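Next come the chains, spelled out residue by residue.
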Amino acid sequence: MFGLTERQWFSSKVTRSVALFGTILMSFSCLANFNPVEDRVTLNIFSLPLEVNVPSNWKQIRQDQLSNMYSAEFLPENETMNQWTQLICVQGFNNVSDSMSPETFLESFSLTYNEHCQGDIIFEPLGDIEVKGYKGTHGLLGCTKMPNTHTIQIGERHSFVTKPQGEMGYYTVLMADNKLILFHKSIRNKVFSPNHPPFSRENYQAFVGEIFPNKL
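Keep in mind that what you see is a predicted model, and the values were worked out from it rather than measured. (Residues numbered from 1 in each chain as written. Predicted model: local features only at pLDDT ≥ 70, side-chain atom pairs only at ≥ 80, totals over all residues. Heavy atoms only, no water.)

Participant: Break down the packing of aromatic side chains for me, citing the residues and quoting the values.
Facilitator: Following the criterion strictly, the structure yields six aromatic pairs and no others. Geometrically, the ring pair formed by F93 and F105 is tilted, given 5.6 Å between the ring centres and 50° between the ring planes. With F93 in strand β7 (residues 86-93) and F105 in helix α2 (residues 102-116), the pair connects residues that are 12 residues apart, well separated along the chain. For the pair formed by F93 and F105, the shared burial category is buried. Their ring planes at 25° and their centres at 6.4 Å tell us that F105 and F109 sit as a pair that is stacked. (Phe/Tyr/Trp six-rings, centres within 6.5 Å; stacked < 30°, edge-to-face > 60°. Helix = DSSP H or I, 4+ residues; strand = E, 2+ residues; numbered from the N terminus. Buried < 20%, exposed > 50% of the residue type's maximum accessible area, 1.4 Å probe, protein only.)

What follows is the structure, encoded as structure tokens:
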């Protein structure tokens, strides 16, 4: 587990960087421009190639890389980050701490996510996973009532809030050397009961599909 200082730093970094959270900060991305994508997309994440299957009627709205962080996001063609129903996001973190593991990352991620949720949290680890030789963990994470708050900074910062919705996602966390890859596919719809989530351990694969080609 993380010490308090490291946990606070990590939670702050994840909160700023992961698009799933209710607050979305975009300082150098123009959502009006997008690239059409094919079914199979290869992302180069700090020299680590990762293939993902993206529906052909989706668009890539963002691909950015800083010194220690990479991000790529995909949405259905007729949706925007202001109001989306499905989202695929892949993020990479470079030079992570030796004490970091996929399990502790996902656990800390869920704790930070919980800080933004106005309803009940659903967090269900699914155990170990291996993708293209990268080992990690995966799980389900959702919020029955998530505030839909947006902060977009393109030239001038603007904030706005829309109606809260229920949010549910499938997450995979992979490690390779000192690099970490976070993948998630999420759905956002009406507020739901914790007893009736959009998907669960029993049927999540119908929503996720074959995300990783030739997954081990």
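There is more to say after this.
Participant: Break down the pattern of salt bridges for me, with residues and values.
Facilitator: Per the counting criterion, the structure on display carries six salt bridges. Of the charged contacts, one joins K132 and E51 as a salt bridge, the two residues approaching to 3.9 Å between their closest N and O atoms. Highlighted residues: K132 in the loop between β8 (121-131) and β9 (134-154) and E51 in strand β4 (residues 48-53), separated in sequence by 81 residues. In this structure, the salt-bridge partner of E73 is R62, at a minimum N-O distance of 3.9 Å. One end of the pair, E73, is in strand β6 (residues 69-76); the other, R62, is in strand β5 (residues 58-65), with 11 residues separating them in the sequence. Of the two residues, E73 and R62, both sit in the buried class. Each of R40, E51 and K132 takes part in salt bridges that share partners, so that together they form one network. (Salt bridge = Lys/Arg side-chain N within 4 Å of Asp/Glu carboxyl O.)

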